[in-house]
Amino acid sequence: MIGWLQGQLADRWQQASRCGLLLVCGGVGYEVQMPRRQWERLGEIGSALSLHIHQVIREDAWTLYGFASRAERDLFRELVAVSGVGPQMALGLLGQLSCEELVRAIVQADLRLLTQAPGVGKRTAERLAVELRTRLQERYGSTANPDETADLALPASSGAEALPGAVRDELNLTLTALGYEALEINRALRAVATTDQDLGPEADAWLRECLRWLSRSQAA
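Residues numbered from 1 in each chain as written. Predicted model: local features only at pLDDT ≥ 70, side-chain atom pairs only at ≥ 80, totals over all residues. Heavy atoms only, no water.

Participant: Is there a simple way to think about unusual backbone geometry in this case?
Facilitator: If a residue is not glycine, its phi is most likely negative; likewise, a peptide bond is most likely trans. Although it is not a glycine, Ala-16 adopts a positive phi angle of roughly 55°. Along the chain, Ala-16 falls in the loop between strand 1 (4-15) and strand 2 (18-25). At Ala-109, a residue that is not glycine, the phi angle is positive and equals roughly 55°. Inspection of the secondary structure puts Ala-109 in the loop between helix 4 (99-107) and helix 5 (111-114). A relative accessible area of 1% places Ala-109 in the buried class. (Helix = DSSP H or I, 4+ residues; strand = E, 2+ residues; numbered from the N terminus. Buried < 20%, exposed > 50% of the residue type's maximum accessible area, 1.4 Å probe, protein only.)

Structure below.
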(Lines give C-alpha, C1' and ligand atoms only; values in the text may rest on other atoms or scores of the structure.)
Protein backbone atom coordinates (compact mmCIF):
# COMPACT_ATOMS: atom_id res chain seq x y z
CA MET A 1 0.00 0.00 0.00
CA ILE A 2 1.16 3.53 -0.78
CA GLY A 3 1.25 5.65 2.37
CA TRP A 4 3.43 8.63 1.42
CA LEU A 5 4.77 10.21 -1.77
CA GLN A 6 7.41 12.84 -2.40
CA GLY A 7 8.11 14.34 -5.79
CA GLN A 8 7.44 17.25 -8.13
CA LEU A 9 4.09 18.81 -8.94
CA ALA A 10 3.66 18.18 -12.69
CA ASP A 11 0.02 19.22 -13.17
CA ARG A 12 -3.12 20.20 -11.30
CA TRP A 13 -6.65 19.51 -12.46
CA GLN A 14 -10.29 19.93 -11.56
CA GLN A 15 -13.22 17.85 -12.81
CA ALA A 16 -16.58 19.10 -11.55
CA SER A 17 -16.20 19.03 -7.74
CA ARG A 18 -13.09 16.84 -7.78
CA CYS A 19 -9.66 18.40 -7.37
CA GLY A 20 -6.37 16.64 -7.96
CA LEU A 21 -2.81 16.73 -9.20
CA LEU A 22 -0.15 14.74 -10.99
CA LEU A 23 2.85 14.07 -8.75
CA VAL A 24 6.02 12.78 -10.44
CA CYS A 25 8.13 10.54 -8.21
CA GLY A 26 11.20 8.82 -9.66
CA GLY A 27 9.97 9.12 -13.22
CA VAL A 28 6.46 7.81 -12.40
CA GLY A 29 3.42 10.13 -12.38
CA TYR A 30 0.78 9.51 -9.71
CA GLU A 31 -2.71 11.01 -10.01
CA VAL A 32 -3.85 12.08 -6.55
CA GLN A 33 -7.17 13.56 -5.44
CA MET A 34 -7.17 15.98 -2.52
CA PRO A 35 -9.42 18.39 -0.56
CA ARG A 36 -10.14 21.70 -2.27
CA ARG A 37 -8.63 23.75 0.60
CA GLN A 38 -5.25 22.09 0.05
CA TRP A 39 -5.55 22.05 -3.74
CA GLU A 40 -6.05 25.81 -3.80
CA ARG A 41 -2.79 26.29 -1.86
CA LEU A 42 -0.60 24.19 -4.15
CA GLY A 43 2.68 25.72 -5.29
CA GLU A 44 3.89 26.36 -8.83
CA ILE A 45 4.22 23.57 -11.39
CA GLY A 46 7.61 21.93 -10.85
CA SER A 47 7.72 22.67 -7.11
CA ALA A 48 8.60 19.95 -4.60
CA LEU A 49 5.68 18.35 -2.81
CA SER A 50 5.13 15.54 -0.32
CA LEU A 51 1.76 14.03 0.57
CA HIS A 52 0.40 11.49 3.03
CA ILE A 53 -1.61 9.03 0.97
CA HIS A 54 -4.73 6.94 1.45
CA GLN A 55 -5.05 4.26 -1.23
CA VAL A 56 -8.34 2.69 -2.28
CA ILE A 57 -8.17 -0.48 -4.37
CA ARG A 58 -11.24 -1.68 -6.26
CA GLU A 59 -11.73 -4.08 -9.14
CA ASP A 60 -12.08 -1.27 -11.67
CA ALA A 61 -9.69 1.35 -10.25
CA TRP A 62 -6.86 2.18 -7.86
CA THR A 63 -7.38 5.65 -6.40
CA LEU A 64 -4.99 7.78 -4.35
CA TYR A 65 -6.10 10.53 -1.95
CA GLY A 66 -3.44 12.97 -0.74
CA PHE A 67 -3.19 15.12 2.38
CA ALA A 68 -0.67 17.67 3.63
CA SER A 69 -0.50 16.10 7.09
CA ARG A 70 -0.88 12.67 8.62
CA ALA A 71 -3.59 14.00 10.96
CA GLU A 72 -5.74 15.00 7.97
CA ARG A 73 -5.26 11.62 6.34
CA ASP A 74 -6.18 9.83 9.56
CA LEU A 75 -9.30 11.98 9.96
CA PHE A 76 -10.23 11.13 6.35
CA ARG A 77 -9.98 7.44 7.26
CA GLU A 78 -12.25 7.97 10.26
CA LEU A 79 -14.81 9.71 8.05
CA VAL A 80 -14.98 7.04 5.34
CA ALA A 81 -15.46 4.37 8.02
CA VAL A 82 -18.88 5.89 8.79
CA SER A 83 -21.81 4.28 6.97
CA GLY A 84 -22.91 6.41 4.03
CA VAL A 85 -19.73 8.50 3.88
CA GLY A 86 -17.61 7.82 0.81
CA PRO A 87 -14.26 9.32 -0.21
CA GLN A 88 -15.80 12.22 -2.15
CA MET A 89 -18.00 13.26 0.76
CA ALA A 90 -15.04 13.00 3.14
CA LEU A 91 -12.96 15.16 0.78
CA GLY A 92 -15.86 17.63 0.69
CA LEU A 93 -15.87 17.89 4.49
CA LEU A 94 -12.10 18.40 4.63
CA GLY A 95 -12.34 20.85 1.75
CA GLN A 96 -14.98 22.90 3.57
CA LEU A 97 -13.48 22.86 7.07
CA SER A 98 -10.01 22.68 8.52
CA CYS A 99 -9.08 19.54 10.43
CA GLU A 100 -9.60 21.29 13.78
CA GLU A 101 -12.90 22.86 12.71
CA LEU A 102 -14.22 19.52 11.47
CA VAL A 103 -13.28 17.65 14.65
CA ARG A 104 -14.91 20.37 16.75
CA ALA A 105 -18.08 20.29 14.64
CA ILE A 106 -18.37 16.51 15.02
CA VAL A 107 -17.59 16.46 18.75
CA GLN A 108 -20.07 19.27 19.44
CA ALA A 109 -22.69 17.81 17.03
CA ASP A 110 -22.80 21.08 15.08
CA LEU A 111 -25.10 19.78 12.35
CA ARG A 112 -25.54 23.14 10.66
CA LEU A 113 -21.80 23.48 10.13
CA LEU A 114 -21.39 19.88 8.95
CA THR A 115 -24.22 20.19 6.41
CA GLN A 116 -22.44 23.11 4.74
CA ALA A 117 -20.13 20.56 3.09
CA PRO A 118 -21.27 19.39 -0.37
CA GLY A 119 -23.43 16.29 -0.29
CA VAL A 120 -23.75 16.14 3.50
CA GLY A 121 -27.36 16.01 4.66
CA LYS A 122 -28.77 16.17 8.15
CA ARG A 123 -28.94 12.41 8.63
CA THR A 124 -25.34 11.94 7.54
CA ALA A 125 -24.24 14.74 9.87
CA GLU A 126 -26.08 13.02 12.72
CA ARG A 127 -24.32 9.71 11.96
CA LEU A 128 -20.96 11.46 11.97
CA ALA A 129 -21.65 12.97 15.37
CA VAL A 130 -23.00 9.77 16.91
CA GLU A 131 -20.38 7.37 15.52
CA LEU A 132 -17.25 9.53 15.73
CA ARG A 133 -17.71 11.84 18.71
CA THR A 134 -16.17 9.64 21.38
CA ARG A 135 -13.38 8.33 19.15
CA LEU A 136 -12.36 11.82 18.01
CA GLN A 137 -12.42 13.13 21.56
CA GLU A 138 -10.06 10.35 22.60
CA ARG A 139 -7.74 10.86 19.61
CA TYR A 140 -7.60 14.64 19.34
CA GLY A 141 -8.60 15.73 22.82
CA SER A 142 -10.61 18.90 23.40
CA THR A 143 -10.91 21.12 20.34
CA ALA A 144 -12.94 23.80 22.03
CA ASN A 145 -11.82 27.39 22.37
CA PRO A 146 -10.24 28.19 25.76
CA ASP A 147 -13.22 30.37 26.75
CA GLU A 148 -15.62 27.50 26.04
CA THR A 149 -13.77 24.72 27.86
CA ALA A 150 -15.67 25.12 31.10
CA ASP A 151 -18.97 24.85 29.24
CA LEU A 152 -18.08 21.65 27.40
CA ALA A 153 -17.27 19.49 30.42
CA LEU A 154 -20.11 18.06 32.46
CA PRO A 155 -19.36 17.78 36.16
CA ALA A 156 -19.36 14.27 37.60
CA SER A 157 -21.84 15.17 40.30
CA SER A 158 -25.60 15.34 40.82
CA GLY A 159 -26.31 12.51 38.39
CA ALA A 160 -24.17 13.55 35.45
CA GLU A 161 -22.02 10.48 35.83
CA ALA A 162 -25.15 8.34 35.28
CA LEU A 163 -25.80 9.83 31.85
CA PRO A 164 -24.68 7.29 29.18
CA GLY A 165 -22.84 8.58 26.15
CA ALA A 166 -25.63 7.42 23.83
CA VAL A 167 -28.20 9.41 25.81
CA ARG A 168 -25.99 12.50 25.72
CA ASP A 169 -25.66 12.07 21.95
CA GLU A 170 -29.43 11.81 21.62
CA LEU A 171 -29.92 14.97 23.66
CA ASN A 172 -27.41 16.88 21.53
CA LEU A 173 -29.04 15.78 18.29
CA THR A 174 -32.57 16.54 19.51
CA LEU A 175 -31.71 20.00 20.82
CA THR A 176 -29.70 20.78 17.68
CA ALA A 177 -32.70 19.80 15.57
CA LEU A 178 -34.77 22.24 17.65
CA GLY A 179 -32.41 25.03 16.60
CA TYR A 180 -30.09 25.38 19.59
CA GLU A 181 -26.37 26.04 19.15
CA ALA A 182 -23.74 23.57 20.40
CA LEU A 183 -22.52 25.97 23.09
CA GLU A 184 -26.08 26.58 24.34
CA ILE A 185 -26.66 22.83 24.56
CA ASN A 186 -23.48 22.18 26.52
CA ARG A 187 -24.28 24.99 28.94
CA ALA A 188 -27.79 23.61 29.47
CA LEU A 189 -26.48 20.09 30.14
CA ARG A 190 -23.90 21.45 32.54
CA ALA A 191 -26.47 23.59 34.36
CA VAL A 192 -28.97 20.73 34.68
CA ALA A 193 -26.24 18.37 35.88
CA THR A 194 -25.38 20.69 38.78
CA THR A 195 -28.93 20.74 40.17
CA ASP A 196 -30.09 18.52 43.00
CA GLN A 197 -32.57 16.66 40.80
CA ASP A 198 -32.16 12.92 40.35
CA LEU A 199 -33.01 12.62 36.67
CA GLY A 200 -31.52 9.19 36.12
CA PRO A 201 -30.27 7.95 32.77
CA GLU A 202 -33.46 8.59 30.75
CA ALA A 203 -33.20 11.12 27.90
CA ASP A 204 -36.77 12.46 28.29
CA ALA A 205 -36.21 13.82 31.79
CA TRP A 206 -32.92 15.47 30.81
CA LEU A 207 -34.48 16.91 27.67
CA ARG A 208 -37.37 18.41 29.61
CA GLU A 209 -35.07 20.09 32.14
CA CYS A 210 -32.66 21.31 29.43
CA LEU A 211 -35.56 22.92 27.56
CA ARG A 212 -36.73 24.60 30.76
CA TRP A 213 -33.23 25.95 31.41
CA LEU A 214 -32.85 27.16 27.82
CA SER A 215 -36.24 28.89 27.95
CA ARG A 216 -35.33 30.71 31.17
CA SER A 217 -31.92 31.61 29.76
CA GLN A 218 -33.41 33.15 26.62
CA ALA A 219 -36.04 35.02 28.60
CA ALA A 220 -33.42 36.56 30.92
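Still more to cover.
Participant: Any chance you could explain the nonpolar core here in plain terms?
Facilitator: If you look at soluble globular proteins, the nonpolar side chains tend to sit buried side by side. Ranked by size, the top nonpolar core spans 31 residues in total, and within it Leu-79, Leu-93, Leu-102 and Leu-114 carry the most contacts. Mapped onto this core, the elements with two or more residues apiece are strand 5 (62-67), helix 2 (70-80), helix 3 (87-96), helix 4, helix 5 and helix 6 (122-140). With six residues, the top contributor of residues to this core is helix 4. Sequence-distant contacts of Leu-79, defined by excluding residues within four places in its chain, comprise Val-85, Ala-90, Leu-93, Leu-94, Leu-102, Ile-106, Leu-128 and Leu-132. By size, the runner-up hydrophobic cluster in this structure holds 16 residues, among which are Tyr-180, Ile-185, Ala-188 and Trp-206. (Core = buried A, V, L, I, M, F, W, Y, C linked by side-chain atoms within 4.5 Å. Contact = heavy atoms within 4.5 Å.)

Participant: Explanation requested: the side chain of Asp-74 in the structure shown.
Facilitator: Looking at the element boundaries, Asp-74 is found in helix 2. Using a relative accessible area of 17% as the deciding quantity, one classes Asp-74 as buried. What Asp-74 contacts, discounting residues up to four positions off in sequence, is Arg-139 and Tyr-140.

Participant: What exactly am I supposed to notice about helix 3 here?
Facilitator: Side chains three or four residues apart in an α-helix point the same way, a direct result of the helix having 3.6 residues per turn. Counting buried positions along helix 3 gives eight out of 10 residues, so the element sits mostly inside the fold. Residues Pro-87, Met-89, Ala-90, Leu-91, Gly-92, Leu-93, Leu-94 and Gly-95 constitute the buried set of helix 3.

Participant: How do you make sense of the pattern of salt bridges when you look at a structure like this?
Facilitator: Tallying each qualifying case throughout the model produces seven salt bridges. Across the pair Glu-100 and Arg-104 runs a salt bridge, and its minimum N-O distance is 2.8 Å. A residue pair is termed a helical-turn pair when its members lie 3 or 4 positions apart in one helix, as Glu-100 and Arg-104 do in helix 4 at four residues. Arg-208 is the salt-bridge partner of Glu-209, the closest N and O atoms lying 3.9 Å from each other. Take Glu-209: its relative accessible area is 9%, and that puts it in the buried class. Taking the relative accessible area as the measure of exposure, Arg-208 reaches 41% and is therefore partly exposed. (Salt bridge = Lys/Arg side-chain N within 4 Å of Asp/Glu carboxyl O.)

Participant: What am I meant to see in the pairing of strand 5 here?
Facilitator: A regular strand places its side chains so that they alternate between the two faces of the sheet. In terms of residue burial, strand 5 counts as a mostly covered element, since five of its six residues are buried. Note that strand 3 (residues 28-33) and strand 5 share two bridges and pair parallel. Note that in strand 5 the partner of Gln-33 across the bridge is Tyr-65. Sheet topology places strand 4 (residues 48-57) next to strand 5; six bridges connect them, and they run antiparallel. (Pairing = 2+ DSSP bridges.)

Bear in mind that shape data such as this cannot, by itself, settle questions of function.
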